[in-house]
Amino acid sequence: SAASTASATSAATLSVASPAGGTSADIDACSLMTVAQASSLVGTKYTAATPQTIASGQDQCTYTAADYGSDLQVIVYQPSSGVSWQMATDVPGNSGTPTSVSGVGDNAEVGAIELDARAGDRVIAVIGAGGSLAGTTASAVAVAKAVIAALP
């Protein structure tokens, strides 16, 4: 809706502008993509978006799926989080050999259930939008691109 788009735009506008080297400040990861956007990109109806700071520099948004569907999680790892691109792509949850995905951030890999992308000095994880196992990599790619485009 126009109201949710406006509030997401306002939230993004209120974010502190990042210095040339990026930012290490925590952000509201839910301000990067609305519930309506997430629903449209993944093709699953989400009913709420809940922000959470997992640890310093690790900001997550959980989009709650309607009708017992799988929730979508988007995690933004800031440079201050200590999570590097190498660490993110070595996550055990990405069982099997990850596949490189072009056109998403600076680098991206998709595993069975998760897509990880590097955007400058940040790492973005998209979990629950589909992966190589589900054959729905396109949804995870769409979510990652939207989140990266909205980064402050």
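Residues numbered from 1 in each chain as written. Predicted model: local features only at pLDDT ≥ 70, side-chain atom pairs only at ≥ 80, totals over all residues. Heavy atoms only, no water.

If you look at the biggest cluster of nonpolar residues, it comprises 32 residues, and the most contacted ones within it are Met33, Leu72, Leu115, Val126 and Val143. For this core, the secondary-structure elements that each account for two or more residues are helix 2 (35-42), strand 2 (58-65), strand 3 (72-77), strand 5 (107-110), strand 6 (114-119), strand 7 (122-127) and helix 4 (137-150). With seven residues, the single largest contributor to this core is helix 4. What Leu115 contacts, discounting residues up to four positions off in sequence, is Val101, Glu109, Val110, Ile124, Ala125, Val126, Ala140, Val141 and Ala144. Residues Ile75, Val83, Trp85 and Ile127 belong to the second largest nonpolar core, which totals eight residues. (Core = buried A, V, L, I, M, F, W, Y, C linked by side-chain atoms within 4.5 Å. Buried < 20%, exposed > 50% of the residue type's maximum accessible area, 1.4 Å probe, protein only. Helix = DSSP H or I, 4+ residues; strand = E, 2+ residues; numbered from the N terminus. Contact = heavy atoms within 4.5 Å.)

The full count for this structure, using the stated rule, is one salt bridge. For the salt bridge of Asp106 with Arg118, the shortest nitrogen-to-oxygen distance reads 3.6 Å. Taken together, the positions of Asp106 in the loop between strand 4 (99-100) and strand 5 and Arg118 in strand 6 put the pair 12 residues apart, joining distant regions of the chain. (Salt bridge = Lys/Arg side-chain N within 4 Å of Asp/Glu carboxyl O.)

Turning our attention to the pairing of strand 1 (residues 46-55). Looking along a regular strand, one sees side chains alternate from face to face of the sheet. As defined by bridge partners, strand 1 adjoins strand 2 across eight bridges and the pair is classed as antiparallel. When the bridges of strand 2 are listed, Ala55 appears paired with Gln58. What sits between the antiparallel neighbours strand 1 and strand 2 is a turn of two residues, in which Gly57 has the positive phi angle 80°. (Pairing = 2+ DSSP bridges.)

What follows is about helix 4. Here helix 4 contains 14 residues, and its C-alpha end-to-end distance of 20 Å stays within 8% of the 20 Å for a straight helix at 1.5 Å per residue. Those residues of helix 4 not exposed but buried are Ser139, Ala140, Val141, Val143, Ala144, Ala146, Val147 and Ile148. Buried residues along helix 4 sit against helix 2, strand 3, strand 6 and strand 7. (Expected span 1.5 Å × (residues − 1).)

In short, shape yes, function no, at least from these values alone.
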